[in-house]
Structure formats: C-alpha cells, structure tokens
Amino acid sequence: MYIVQVASECAPVIKAGGLGDVVYGLSRELEEQGHCVELILPKYDCMRYDQIWGLHDAYRDLWVPWHGASVHCSVFCGWVHGRLCFFIEPHNEDGWFFRGRYYGCDDDPMRFAFFSKAALEFLQQSNKRPDVIHCHDWQTGLLPVMLYEIYQYHGMGTQRVLYTIHNFKHQGFGGPEILWATGLNRPEYYFSYEKLRDNFNPFSLNFMKGGILYSNHINTVSPHHAWEAHHGECGFGLGHTLHVVQDRFSGILNGIDYGVWNPESDRLIPYQFGPETWSDKVLNKKALREKLGLAQGNKPLVAFIGRLDEQKGMHLVHHGMYYALNRGAQFVLLGTATGAKINDWFWHEKNHLHSNPDCHLELSFNEELAHLIYAAADLILVPSNFEPCGLTQMIGLKYGTVPVVRGVGGLVNTVFDWDYDTSHPLAERNGFIFYQQDNYALESAMNRALDVFYDNPDLFQQLSLQGMAYDYSWTNPAKEYVSLYDKIRHR
Ligand code: ADP
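Rules used in this analysis
- Residue indices follow the written sequence of each chain, beginning from 1 at its first position.
- Only residues with pLDDT of 70 or above have their local features reported here, since the model is predicted, and side-chain atom pairs are shown and tallied only from 80 upward, although totals for entire chains, interfaces and linings are computed over all residues.
- Hydrogens and waters are ignored; side-chain quantities use all the structure's heavy atoms.
- A 1.4 Å probe rolled over the protein chains alone gives each residue an accessible area, and that area as a share of the maximum for its type sets the label: buried under 20%, exposed over 50%, partly exposed in between.
- A run of H or I in DSSP counts as a helix once it spans at least four residues, and a run of E counts as a strand once it spans at least two, with each numbered from the N terminus.
- Only strands joined by at least two bridges in the DSSP assignment are considered to pair.
- Classification remark: right-handed applies to a crossover when, strands pointing away from the viewer, the course from the first strand over the helix to the second runs clockwise.
- Only the stretch in contact is used when a helix axis is fitted, and all axes are lines through C-alpha atoms; the angle between N-to-C directions ranges over 0 to 180 degrees.
- Angles are sorted into four bins: roughly parallel if under 35 degrees, roughly antiparallel if over 145, roughly perpendicular if 65 to 115, and oblique for all others.
- Less than a right angle of anticlockwise turn of the near helix away from the far helix marks a crossing as left-handed, whereas a clockwise turn marks it as right-handed.
- The contact criterion used throughout is that any non-hydrogen atoms of two residues lie within 4.5 Å.
- When the sulfur atoms of two cysteines come within 2.5 Å, that pair is taken as a disulfide.
- In what follows, salt bridge is the name for a side-chain nitrogen of Lys or Arg lying within 4 Å of a carboxyl oxygen of Asp or Glu.

Chemist: Residue-level account of the pairing of strand β2 (residues 36-42), with values.
Modeler: The buried fraction of β2 is high, at 6 of 7 residues. In terms of strand pairing, strand β1 (residues 2-6) meets β2 through 5 bridges, oriented parallel. Counterpart to tyrosine 2 in the pairing with β2 is cysteine 36. Crossover handedness for the path β1 to helix α1 (residues 18-32) to β2: right-handed. Looking at chain direction, β2 and strand β5 (residues 83-90) are connected through 5 bridges and run parallel. Looking at β5, one finds that leucine 41 is bridged to phenylalanine 87.

So, in structure tokens, the structure goes:
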C-alpha cells in the first residue's frame, strides 16, 4: 500500500511532543511491514537539520492557489533516519515557517491551513496518488475537507483519508478569511452546524471538526481515550460530532519505536542495560547525578518528563516534587512550558531549589537528557489531567522505570496497578495508579511506590522487570492501522 503521512511534526527532526514520535515510529514500522510511506512536513527554520540526510530541493516551483492568487513554494526532499520526507517551504512575506518555533503564533490557523492546501497541491501536481493520506491533529484538519470539496475534481477522486487525533484540546479555529484563502469560499455553506461551524462558537470554523466529518475514518490514540472523548469531557466539545461518526471512530494505542527507545542499544545513555543486566541501570543513575550535580547515595529518584502544560497536571507535578523530597527521594524534572504563567512558576521553583542536592529542574527541550533520565530514574510520574495515550510511561516501562500515573486515557490501557488491578495477575502488573485529581490521591500512590522501594528492594526490582517485559512496540498498532487503511480503501 502507498501511504502519505501529512503532519506538523516528525521526530527527531521536528518534535514538540508525542506527535513527532508517533509519526516517525508508525511510518518506520509500516515500511518494515512492506508498505511504501512518504511524509509531507512544513520546512521550519528551527527544525533539526542535522537529523536530515541528503536534503535537496526536489520541486522548485510549486505554486499554491491562495486568496485568488498563488504562493510560490519550494519542496525539499530528504531522509530522516531512512524515512522519505518532503518539506514545504512557502516564499511569502509572512514567513510562515520562519518563526523560530513550531507553534504558538497568532496566525497558526492560517499557517497550517496553507500547509494542508500546499500538501494537496504538491500531491496533485507531482502526480502522487497514495492509497491513503494519513492526517494528524488539527493542523491538517482542513485537508480532507479540501480533498473532498476541491481536489477530488482534479484527479484525486480515489484517495482516502485516515484522520488521527492526538489531542482534542487543540482544535484550530478560524473565520471566513480561511475559506477565502483556501478557495473553499462559500461561508454560508461551511458555517452550518452540520459542516465546520464550531459546536459552541457560531462565528468560528473548527478545523478538527472538519477533519472528523470529512475523513473516511477517524481514530484517537488509545481505546480508553476514544471512549472518554465520545462519552466524557475529553472531546472538548466534539463529543456530539464523534457521536455522528461513531461507526467510523475508534482508538488505537500508540507504540514506542524500540529502535530509538531501547536501553539495550541506546547510544545516548552511558551504560546500556537489559533485563539480564538490570543491575547496570544504577550506573546511569550515578551518571545522571554527576551530570546534574545531585548527591550520590541510595535514595530513590523520581522523574517527570513532558510539556509543562495544564494537561499534564502541573499542580500535581509540583506537589509530587515536594512530596518526593519530603519522603527522602530525589526529583528530576525535564520540560518546557507552553505558557508564560507556568514558565514563571517553574523558573521560580528552579531558583528556589537551586542549591538543593536532591532536586533538579531542567527547563529546556533536551532529547539526549531525556534518554538518560528514563534510564536513571526509579519512578516516572505522570499525573495528567487527561492523556490521550502518553508515551512517557511506556518509555519508562521499557527502561525499567516504574510509572506512577493518574488513571486516565491511554495510561489506563498501559499501566496496571501493583496492589489493586483486577484484570492482570500479579506477575503482569507494572506500576501504580491513582484516580482522583487531588494531592491525597497522588500521595497515596507515590507512598505505595516509595514504600516498596524502601522496604522491599527485591519486589521493586521484580516490578521494574515486569514493566520491561511489556511489548509496547509499533508491531501490533501498525497492523491495526494497516487494517484500517485497507478498510477505507475498499469502502
Ligand atoms: P505529549 O504528546 O502530550 O507532549 P507524550 O507523553 O505523548 O506527551 O509524548 C511526549 C514525548 O516528548 C516523549 O517522547 C517525551 O520524552 C518527549 N518530551 C517532552 N518534553 C521533553 C523535553 N523537555 N525534552 C525532551 N523530550 C521531551
């Protein structure tokens, strides 16, 4: 099968969070399973050019219809760790992808509406006719709309779209200017409730709603989150829209790329280890402490890695940090804030804890350090408010780092509580879960985990090894995606 992924991220060249990992990992596995995969991405100024091999301009003159005129683009081509990627660079005054960051600009809806249009135009003009166009998140929500409303009449009538939603919180909103720019026009048509009008704001078009209504199949990134989004509040206002498409909406758990995340072969950690050499894990702990200037000793090390965003349960992260320190543990945090308030808050904490030999806050994006922390820590904390899938607990498990998580979204599908799980035998349990959103619930789970660490080291090792034994690779999820692709292809 010939599949084109259209996305705003692909690790390690463009990565703000899990989306990048997923786009890369899934593409790699699909190729391993014999399919032809190509990726279309924006050509950001700030992406990691050192991670692209053989970058060259493949199509110098791609003219993309826009606002009744055209925008001149170049399409670059290169390989990201073996994946064939096309990077679209528009040459316009607004410098859409010359912003020194991937997201967070006032004109993000316009930037990504353009990107979606340019991706279609590129496919059309270069005569690429994939069986399936796989779109990801709000940034590409308008692509299936434009495919159905415009491009199917320009030789792309047989292309099918799978739309994967990684995060319902960010939906992409715009006004009529988006319709005029993209050539969709007809505001009276698109501003109807059955089309793109936001379910709550009648003056806004909702990109993600468009993606849901116009795609041949829609999925989110874990079975439990699919249920939460449809029936609970995790759909952020799109629950009814999901209800309308319920016969073509499902959840597929993300995988982890074990080519990147494997402690037995990871070149970014100083001491490789596996289940047979589990005791070498502690050497990484020593190395991390040395690197960050933390005290050596027998204390447990609790880690948090992730975007510093309300989604991730920042009050619980903050409380967990002090709780860990009070219980004689060490705490390491690696993250970048998505807003000024949280940024100020954690910089304040960083300064406050500056001379504490048991705590380090690293407020930056650092892929290499992330690998070392996963390898070094004893516990990984994931106290999210909501979590569509969550990769950090799955990576933690592979590195023998026991997860302490809140029971939401994909965390429920991947972590099984040592004390209370009823669906798995003791030999298959791998972490600690709490459900309520308050400090006491968090403390009770951390308390249980730390008690095992302090009082029963053999049991703690067993738990860590049980986590390492889980297979959260892409092998099975990719098969599920292939059967979805097949289904929509023959519909
Ligand atoms: P989300 O997609 O909501 O950001 P996920 O748990 O799905 O969260 O994926 C997070 C990914 O981003 C993981 O691979 C994690 O290691 C990585 N990550 C997050 N923040 C950082 C950071 N500051 N430095 C390095 N890697 C990070």
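Chemist: So what about the packing of helix α9 (residues 281-292) against helix α12 (residues 367-376)? Which residues, and what values?
Modeler: Where α9 contacts α12, the two axes come as close as 8 Å, and the packing angle between them is 130°. Looking at the two axes, α9 sits oblique to α12. In the crossing of α9 with α12, the sense of the turn from one axis to the other is left-handed. Of the residues in α12, those in contact with Lys281, Asn284, Lys285, Leu288, Lys291 and Leu292 of α9 are Leu369, Leu372, Ile373, Tyr374, Ala375 and Ala376.

Chemist: So what's going on with the state of the cysteines? Which residues, and what values?
Modeler: Inspection of the entire model under this criterion finds 0 disulfides. A disulfide-free cysteine, cysteine 77 has its sulfur positioned 8.4 Å from the sulfur of cysteine 85, the nearest such atom. Of the residues examined, cysteine 77 reaches a relative accessible area of 8% and is grouped as buried. Free cysteine cysteine 389: the closest other cysteine sulfur is in cysteine 234, separated by 13 Å. Judged by its relative accessible area of 2%, cysteine 389 is buried.

Chemist: So what about the pattern of salt bridges? Which residues, and what values?
Modeler: Applying the stated criterion to the full structure yields 22 salt bridges. When the shortest N-O distance is used, the salt bridge between aspartate 21 and lysine 15 registers 3.0 Å. When its relative accessible area of 15% is taken as the criterion, aspartate 21 is described as buried. Put simply, arginine 489 and aspartate 131 hold a salt bridge, and the shortest N to O gap is 3.7 Å. Taken as a pair, arginine 489 in helix α17 (residues 475-489) and aspartate 131 in the loop between α2 (108-125) and β6 (132-136) lie far apart in primary sequence, 358 residues in all. Judged by relative accessible area, which is 31%, arginine 489 ranks as partly exposed. Classification of aspartate 131 by relative accessible area gives partly exposed; the value is 23%.

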